[in-house]
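Structural description and commentary
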Amino acid sequence: MIAKLEPEFMPMVKVINDFNEKVSKTKSNKIVISVERNAHLVSVYKMNVFCDNTGHDEENYEIVERIVKTLLWAYGGFKVYIAGSKNIYERIANDYKKGGKREFDFNFMSRVYENTFEVIYVENICDAPKENNISSPVGRHLDGCRIGFDAGGSDRKVSAVVDGETVYSEEVVWFPKTNSDPKYHYEGILNAMKTAASKMPRVDAIGVSSAGVYIDNKIMVASLFLKVNDEDFEKHVKNMYIDVAKEIGDVPVEVANDGDVTALAGAMSLEDNNVMGIAMGTSEAAGYVDKEGNITGWLNELAFVPVDFNKGAMVDEWSGDYGCGVKYFSQDAVIKLAPKAGICLDENLSPAEKLKVVQSLMEKGDERATDIYETIGTYFGYTIAYYSMFYDIKHVLIMGRVTSGMGGTVILNKANEVLSKEYPDLFAKVKLHIPDEKARRVGQSVAAASLPKIN
C-alpha cells in the first residue's frame, strides 16, 4: 500500500523482506550481529547476506547498517560484534567512531553504558556472543501506601495510592527542559512527593516514571535536564530520584522509562502481556512488557529506529539520521505532512499549536486532515510489522496528543488495513488499542506507583 501523502515512503520491513528473498536465490553467507549492554546482557540477530566480494557489498552494508541501528536503539548496547563478514564489519566500524557517520549514536551509547562504544569483528559465527537476556518482574504491586510520580516535559503528575486505590492525585505545570539549575528539578520532584506523602498515613514505596534512560535507578540520559551542564548533571542529576526518595524515607524506590511504564499500564488494563506502548507526542516514546509481564531493561528508544529506507526522507535534527520514527510518529509527522495535504500552517505557531490546527480541521471533517492521519496510519501498519521482527507483540497501545480525537481512530484503522492486507498472519495475532476508560483509570502515575516491591 502507498502512503497517500508520501508515496516515496519505503517501509523498512518491505525492503528487508525483498533483500532476504534476493539473497535466498543465490549463494549466501550467514552473519551474526550481537549487541552487548550492561551486566553482559546480549541480544542477537542472525541473517543471511550475499557473500563478500560478489558485487553486492554495498547492498549488504546498506541493509545491515539499518539493522545495527535498529538493534542499538531497540535493545541498547555499547559493543557490537559482527561475525561472518569482514567487509560489513569494516564499514560498520567506520561509521561508529569519533568523526564517523554515526558519531551521535557512538556518543549516546558510550554515555548511557559508561563504556566506550566498540565494534568488534568475530571471524567464525560460532564464536559470536550468545543471546543472554533477562527481564525484571517490576510493577503490578499495589499493596501498601505508595507514591507514583510521572515526570513529563510540560507537567508533572503524582498520585498517592493506598492498596491499589488512588486517594490523591495532582498535575502541576513545570518547565524542566528550559531550566539549567538542577535545584529547580529537585525541588519540583521533592514537593510533589511530599504532597502525596501528606495524603497517606505512611509511605511504603516510591515508583517513578520519567522520560529518559535509567540504569539501577540512575539517570543516564534524560531530555528533562536538557539545559543542565555535564558537570552539574554528574554531581546533582544522575542520582536525583534516589536522593529525593531518601528525603521521603528509607523505602524501596524504582525508576523506569516512561515508555515502559506506559506499556505496563496497558498490560495492567488489558490483563495480558506482550504489550508495546507507543506515545506519539513531541517525539515517539515507546515501552515493552514481555510474555512474562516483565520490563526487559531494553532501551526501547524507537524514536531513533529507522522506519523508512528512503535516503531522501526527512532527517532528524538531533541524530542527523534519515527515516527515523520521530519524524513519522510525533507532531513532527503532522507538521511535515500538512503542506503536502494543502494545509498552510502559520510559521509563528509552536509545534503543539500547529498540531491543534490540524486536529481542529479533523474534527470538522476536513479531508486534508484525514489524509494526514491516513498517511501516518500507513506508516504505522508497516512499522508494526518491522517492530515485530525484534519484539514479540500481542498488543500495541497508542497514545499521546497526536492520537487524541478522531485522528487516533483514523491512524488505528489505516494501520489495521495495512496489516490485514500485507501481513494477515500478524494481523491475526496483534491487536491495536487506544486507551479506554479502564486504561485511563490505571493511569501512568498509578502504574508507576506499582513499580517497587515492598520488602
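Since this is a predicted model, take the numbers as computed values, not measurements. (Residues numbered from 1 in each chain as written. Predicted model: local features only at pLDDT ≥ 70, side-chain atom pairs only at ≥ 80, totals over all residues. Heavy atoms only, no water.)

1. Focus on the packing of aromatic side chains
Taken as a whole and judged by the stated rule, the model has 31 aromatic pairs. When the ring of Phe104 is compared with that of Phe108, the centres are 6.0 Å apart and the planes differ by 40°; the resulting orientation is tilted. Placement of both Phe104 and Phe108 in helix H4 (residues 103-113) is noted, with a separation of 4 residues, approximately one turn of the helix. The pair Phe104 / Phe108 is uniform in exposure class, with both members buried. (Phe/Tyr/Trp six-rings, centres within 6.5 Å; stacked < 30°, edge-to-face > 60°. Helix = DSSP H or I, 4+ residues; strand = E, 2+ residues; numbered from the N terminus. Buried < 20%, exposed > 50% of the residue type's maximum accessible area, 1.4 Å probe, protein only.)

2. So, the side chain of Lys238
Here Lys238 is to be found in the loop between helix H6 (230-237) and helix H7 (240-248). A polar side-chain atom of Lys238 sits 2.5 Å from a polar atom in the side chain of Glu114. A polar contact of 3.1 Å, which involves the side chain of Lys238, links it to the side chain of Glu234. Those residues in contact with Lys238, other than ones at most four positions away along the chain, are Glu114, Asn217, Lys218, Ile219, Met220 and Phe233. (Polar contact = N/O pair within 3.5 Å; in protein donor to acceptor, adjacent residues only side chain to side chain. Contact = heavy atoms within 4.5 Å.)

3. Brief notes about helix H11 (residues 367-387)
Its 21 residues give H11 an end-to-end C-alpha distance of 30 Å, which sits within 8% of 30 Å, the value for a rise of 1.5 Å per residue. Most of H11 sits out of view: 17 of its 21 residues are buried. Structurally, the start of H11 carries an N-cap: the backbone nitrogen of Arg368 is 2.8 Å from a side-chain oxygen of Asp366. (Expected span 1.5 Å × (residues − 1).)

4. Thoughts on the nonpolar core
Ile67, Ile372, Phe380, Tyr387 and Tyr391 are the most contacted members of the largest nonpolar core, which has 98 residues in total. Sort the elements by how many residues they give to this core and H11 lands first, with 11 residues. Aside from chain neighbours lying at most four places away, what touches Tyr391 is Ala74, Met276, Tyr288, Trp298, Asn300 and Leu302. Judged by nonpolar contacts, the second largest core, of 33 residues, contains Ala151, Ala196, Ile219 and Tyr241. (Core = buried A, V, L, I, M, F, W, Y, C linked by side-chain atoms within 4.5 Å.)

5. Details of the pattern of salt bridges
Taken as a whole and assessed by the stated rule, the structure comprises 29 salt bridges. Of the charged contacts, one joins Lys336 and Glu6 as a salt bridge, the two residues approaching to 3.2 Å between their closest N and O atoms. With Lys336 in helix H9 (residues 331-337) and Glu6 in the segment before helix H1 (12-24), this pair connects stretches of sequence that are 330 residues apart. Taking the relative accessible area as the measure of exposure, Lys336 reaches 10% and is therefore buried. Ionic pairing is found between Asp150 and Lys157, a salt bridge with its closest N-O pair at 3.8 Å. The exposure class assigned to Asp150 is buried, which follows from its relative accessible area of 7%. (Salt bridge = Lys/Arg side-chain N within 4 Å of Asp/Glu carboxyl O.)

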